[in-house]
Protein chains: 2
Amino acid sequence: MNKIEPRTLPGFMELLPNDQVKFNLMKEKIAHSYEKFGFLPLDTPAIELSEVLLAKAGGETEKQIYRFQKGEADLSLRFDHTVPLAKYVSLYQGELSFPFKRYAIGKVYRGEKAQKGRYREFYQCDIDVIGDGEFSIINDAEMPNIIYNTFKDLGFDNFTICINNRKILNGLFESLGLIEKTTDILRIIDKIEKIGENAVIDELKKLGVEKAATDSIIKFVTITGKTDEKISALKELGIQNELFKTGVNELTDVVKYLKVLGMPEEYFTVDLKIARGLDYYTGTVYETFLNEYRNLGSICSGGRYDNLAEYYTDKKLPGVGISIGLTRLFYQLSEINQIKETKETISKVLVVPMDESLGEALKIANKLREGGINTDIYLEEAKIKKKMKYADKWKIPYVIIVGEEEIATKILTLKNMETGEQKKLTIDEIINEIK
Amino acid sequence: MNKIEPRTLPGFMELLPNDQVKFNLMKEKIAHSYEKFGFLPLDTPAIELSEVLLAKAGGETEKQIYRFQKGEADLSLRFDHTVPLAKYVSLYQGELSFPFKRYAIGKVYRGEKAQKGRYREFYQCDIDVIGDGEFSIINDAEMPNIIYNTFKDLGFDNFTICINNRKILNGLFESLGLIEKTTDILRIIDKIEKIGENAVIDELKKLGVEKAATDSIIKFVTITGKTDEKISALKELGIQNELFKTGVNELTDVVKYLKVLGMPEEYFTVDLKIARGLDYYTGTVYETFLNEYRNLGSICSGGRYDNLAEYYTDKKLPGVGISIGLTRLFYQLSEINQIKETKETISKVLVVPMDESLGEALKIANKLREGGINTDIYLEEAKIKKKMKYADKWKIPYVIIVGEEEIATKILTLKNMETGEQKKLTIDEIINEIK
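**Observations regarding the sheet that holds strand E3 (residues 67-70) of chain B**
Residues and elements named next belong to chain B.
Consideration 1: As summarised here, the arrangement of the 3 strands in space is E2-E4-E3, forming an open sheet in which the pairing is antiparallel. On the outer flanks of this sheet lie strand E2 (47-49) and E3, each paired with one strand and no other. Between one strand axis and the next, the sheet turns by 40° as a mean value, whatever way the strands run.
Consideration 2: Bridge count between E3 and strand E4 (residues 73-77): 4 bridges; the pairing is antiparallel. When the sheet's bridge partners are listed, Arg67 is paired in E4 with Ser76.

**Quick notes on the sheet that holds strand E10 (residues 301-305) of chain A**
All names here are of chain A.
Consideration 1: Sheet architecture is open: 8 strands sit in the order E1-E5-E6-E11-E10-E9-E7-E8, paired in mixed fashion. The two strands at the open ends of the sheet, each matched to only one other strand, are strand E1 (40-41) and strand E8 (268-270).
Consideration 2: Note that strand E6 (residues 121-130) and strand E11 (residues 319-325) share 7 bridges and pair antiparallel. Paired with Val129 across the strands is Val320, a residue of E11.

**What about the relation of the copies chain A and chain B?**
Consideration 1: Aligned on chain B, chain A shows an RMSD of 0.0 Å; the corresponding rotation is 180° and the shift along the axis is 0.0 Å. The superposition operator between the copies reduces to a two-fold rotation axis. Using C-alpha coordinates, one finds that chain A approaches the rotation axis most closely at Phe68(A), a distance of 3.0 Å.
Consideration 2: When the interface residues of chain A are mapped onto chain B, 100% of them again lie at the interface, so the same face is used by both copies.

**Observations regarding the side chain of Asp271(B)**
All names here are of chain B.
Consideration 1: With respect to the helices and strands, the residue Asp271 is situated in the loop between strand E8 (268-270) and strand E9 (284-290).
Consideration 2: With a relative accessible area of 12%, Asp271 lands in the buried category.
Consideration 3: Only 3.0 Å separates the side chain of Asp271 from the backbone nitrogen of Lys273, close enough to count as a polar contact.
Consideration 4: Contact partners of Asp271, with chain neighbours within four places excluded, come to Cys162, Ile163, Asn164 and Arg294.

**Examining the packing of aromatic side chains**
Consideration 1: Under the definition given, this model contains 35 aromatic pairs over all chains.
Consideration 2: Ring plane angle 70° and centroid distance 5.9 Å describe the contact between Tyr119(A) and Tyr331(A), whose orientation is recorded as edge-to-face. With a gap of 212 residues between them, Tyr119(A) in the loop between strand E5 (100-109) and E6 and Tyr331(A) in helix H13 (residues 326-335) connect regions that are remote in the sequence. Tyr331(A) carries the same exposure label as Tyr119(A), and that label is buried.
Consideration 3: With a centroid separation of 5.0 Å and 50° between ring planes, the pair formed by Phe159(A) and Tyr267(A) is classed as tilted. Of this pair, Phe159(A) sits in strand E7 (residues 159-165) while Tyr267(A) sits in the loop between helix H12 (242-260) and E8, and the two are 108 residues apart along the sequence.
Consideration 4: Its relative accessible area of 8% is what places Tyr267(A) among the buried residues.
Consideration 5: The ring of Phe289(B) has Arg294(B) lying over it, and the distance from NZ or CZ to the ring centre is 3.9 Å.

**So, helix H10 (residues 211-221) of chain A**
Residues and elements named next belong to chain A.
Consideration 1: What H10 keeps buried is the set Ala213, Thr214, Ile217, Ile218, Phe220 and Val221. Looking down the long axis of H10, one finds its buried residues gathered within 160° of arc, a one-sided arrangement. Turned more than 90 degrees away from the buried face of H10, the exposed residues are Lys211, Ala212 and Lys219.
Consideration 2: Those residues of H10 hidden inside the fold are in contact with helix H6 (166-175), helix H7 (182-189), helix H8 (192-195), helix H9 (197-206), helix H11 (227-236) and H12.

**Section: the interface of chain A and chain B**
Consideration 1: Taken together, the contact pairs 95 residues of chain A with 95 residues of chain B.
Consideration 2: Interface area, chain A with chain B, both sides summed: about 8,900 Å², of which 60% is carbon and sulfur.
Consideration 3: Inspection of the chain A/chain B interface yields 12 salt bridges.
Consideration 4: Residue Asp43(B) pairs with Lys107(A) through a salt bridge whose shortest N-O separation is 2.9 Å.
Consideration 5: Counting across the chain A and chain B interface gives 54 residue pairs in polar contact (both at pLDDT 80 or more).
Consideration 6: When its residues are assigned to classes, the side of chain A that touches chain B shows 51 nonpolar, 19 polar and 25 charged.

**Structural notes on the pairing of strand E15 (residues 412-416) of chain B**
Residues and elements named next belong to chain B.
Consideration 1: In terms of burial, E15 is a largely internal element, 4 of the 5 residues being buried.
Consideration 2: Across 4 bridges, strand E14 (residues 398-402) lies against E15 in antiparallel orientation. Bridging across to E15, Tyr398 finds its partner in Asn416.
Consideration 3: Bridge count for E15 against strand E16 (residues 422-425) is 4 bridges, and the pairing is antiparallel. Following the sheet pairing, Leu412 is matched in E16 by Leu425.

**Quick notes on the side chain of Asn149(A)**
Consideration 1: With respect to the element layout, Asn149(A) can be found in helix H5 (residues 138-153).
Consideration 2: Those residues in contact with Asn149(A) that sit more than four places away from it in its chain are Ser33(A) and Phe37(A).

**Notes on the environment of Thr222(B)**
All names here are of chain B.
Consideration 1: One can find Thr222 in the loop between helix H10 (211-221) and helix H11 (227-236).
Consideration 2: Looking at Thr222, the relative accessible area reads 33%, which means it is partly exposed.
Consideration 3: C-alpha separation for the pair Thr222 and Arg120, spaced 102 residues apart in sequence, amounts to 37 Å.
Consideration 4: Setting aside anything within four residues of it in sequence, one finds Thr222 in contact with Ile192 and Glu197.
Consideration 5: Looking at Thr222, its side chain comes within polar contact range of the main-chain oxygen of Ile218, at 2.6 Å.

Rules behind the numbers
Counting restarts for each chain, with residues numbered from 1 along the sequence as it is written. All chains are assigned letters beginning at A, and all ligands numbers beginning at 1, according to the order in which they are written. The model is predicted, so local features are restricted to residues of pLDDT at least 70 and side-chain atom pairs to those at 80 or more, both for listing and for counting; the totals for chains, interfaces and linings are taken over all residues. To get the side-chain values, all heavy atoms of the structure are used, and hydrogens and water are removed first. We treat two strands as partners when DSSP finds at least two bridges between them. By definition, any uninterrupted DSSP run of H or I lasting at least four residues is a helix, any uninterrupted run of E lasting at least two residues is a strand, and each is numbered from the N terminus. Lines fitted to C-alpha atoms define the axes, with helix axes restricted to the stretch in contact, and inter-axis angles between N-to-C directions lie between 0 and 180 degrees. Least-squares fitting of one copy onto the other uses the C-alpha atoms of those residues that reach a pLDDT of at least 70 in both copies. Should any heavy atoms of two residues lie within 4.5 Å, those residues are considered in contact. Whether a residue is buried, partly exposed or exposed follows from its accessible area with a 1.4 Å probe, protein chains only, as a fraction of its type maximum: under 20%, in between, or over 50%, in that order. Side-chain atoms alone can form a polar contact between residues adjacent in sequence; in general such a contact is a pair of N or O atoms within 3.5 Å, and within protein one must be able to donate a hydrogen while the other accepts it. Pairing of aromatic side chains requires ring centres within 6.5 Å, counting the rings of Phe and Tyr and the six-membered ring of Trp. Pairs whose planes differ by under 30 degrees are stacked, by over 60 edge-to-face, and all others tilted. For a Lys NZ or an Arg CZ to count as sitting over a ring, it must be within 6 Å of the ring centre and within 35 degrees of the ring normal. By definition, the arc is the one covered by directions from the helix axis to the C-beta atoms. Summed over both partners, the accessible surface that disappears when two parts come together, traced with a 1.4 Å probe, is what is meant by buried area. In what follows, salt bridge is the name for a side-chain nitrogen of Lys or Arg lying within 4 Å of a carboxyl oxygen of Asp or Glu. In this classification, the charged set is Asp, Glu, Lys and Arg, the nonpolar set is Ala, Val, Leu, Ile, Met, Phe, Trp, Tyr, Cys and Pro, and all remaining amino acids, among them Gly, are polar.

See below:
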């Protein structure tokens, strides 16, 4: 028979089982952390009508969409969890209760250029809180609190959550009459640590920004100090712009509530340069960096938006959310050898029957499972060495060998695969030992 | 602004949060049950090259595929977990250890006709054990054991796992020279309980089956009794066909090991009529029915196949597996009001701050979370009634109201939302109470 070459598409992560176990563990920890904060699970379809999914999209996003025809229908694969959330909340608004807090952990699709570390199918792990009309600024302070707890749960302890407010940036540019140049200016000031102050001044000049405005921008962007000092410095800039002032007040409140929440100061900072996407966020924005691997980019980002679903409904739905791109993060952590090693394996025990003891071995395996212990059993005929290799391969920490003697005496040998230590125990003792 | 009508495609399940919680609970229980038996998780892409995914497909399946072009690539969405498994095992065979046991729980896609209870996107929850060349029949006995334990874990206790062996059917038809009519004969005998023996005889006659053969088929299909009696009766039919004999021997072994495994006899039976798909399975086959709702059809099916991946590799990979179509099952159970009610909610407590006590309420919420209790907090200004309604809506079992008095005395009021009972407790007492 002619064979088809088995292969997986580039840009699609496919893991070997031991890595999959680690990936799933991270995914579960994120879900548990989100649930700890009261977020409800949602699972929207991966396929939507293009008309619905692309109500807002445009530019780069639209080009990347997996879009196709099925029968009469023009369909697209979801490219994030935010648009499906906007659709969901608009569609079921009468059946929900606001503020509506949901998490979504699932695959999204973007037909990006194939490139190392760039995925076309990837897990996004999102939370959002959606308000009905009014929406407290304290929600903006809960987000860094959740990021902090989630990454702590994931085993990280050297990271910084950077916080800013889009109103501050927009107010500044508005006061300088530079609102149309926002994108370019942001791109330039973002490089200040890399290229230095003078190079930034040169680039702003080339962009046609006048000296007085450039001075203001540089003064703004070089504000340093502790969080409170930065906020004081912002106020002292004396910028007479309502949007700017509102932004500074919101940022002040967020920082105040972060302290109330007992969040350690070394884990968050005000970073006046960060802006996230341009049209989307309207208030607080977040980025998160691993301090030792800042070059990985932000590993958890998000922000506040004024109106989630204006394309679908007249109801004003402000909200705030964050997202972890788990597939990319897992890849990046693998590359730098920072996937946390885990003792968690699927099976805790491998039962290895000798030739004539299959029936008894099956009973033992079942008893262990009834005792709450995940148990694998090696049912094929093979040399003992091969059976032990199987346990090694899947990192199963214990092996129980079942032969005639063990059956006769009801005393089993429990082998610890890591230490090599062997203990003679009854089945009940084994259950206690492993638990 | 012109609004787009928010809507979800027909055939795509989208649940409200309380139902999603129940759905996820079932999904997690299935995963835990599969892990208890030592199955490793895999998560293959939802998109594959059409050439790879459709190596074997044909007929109905191919028509239902979501297939589309992206750039130069001819792509398809996976329609089951078996083909991706065949690809995976062929591709990574050198990095795996056999027998290879994996579970896959994820969405698959079939563009079926829109119809009540038929889904185009649905969760399949699969396990398979793949052998390398040789493959013990005991694996076939483990499957009903796993089905039994999984449905018990899901809260069911009135179901029957029907077991048969394709070799018995194929051997019978081979011995009668009727192998080409297999499909039609199976369709006819499947109806015997509904239409009666005489109608079956008539239909077989119309099909051109001769009287002697019809007699044999009727004798075969009307075998009754306990499992052991059925197997004895099969042997006594005196059918001189090697395939038939092998099938009977395999079935005998499966039943023997099911007894060794301690599986209660009321939960399984030999049903000589079941065949599952026609080309796919080659030995043991399974279907599972809820005794009180047999009309739902099989809720967990599967079987043994000789060669999983012959389209991709020369390596002979026999295997056995089962699958639960969770989305359809959840729909069916909802329709007959048989979704198990659960006390499990995401949040165990809602913290409700009074006007001036937001900061303190945030601290209390964080303390509860640190104590391992999933906690929601109501941050918006609203009347107390609205806040209580929120707790009701998401079935949050406890509410803590935080006002000035509570802050001053450090004694909080814990309200049980089900009984209405209120207790005055410290935060630590509350954590103990809820745990």
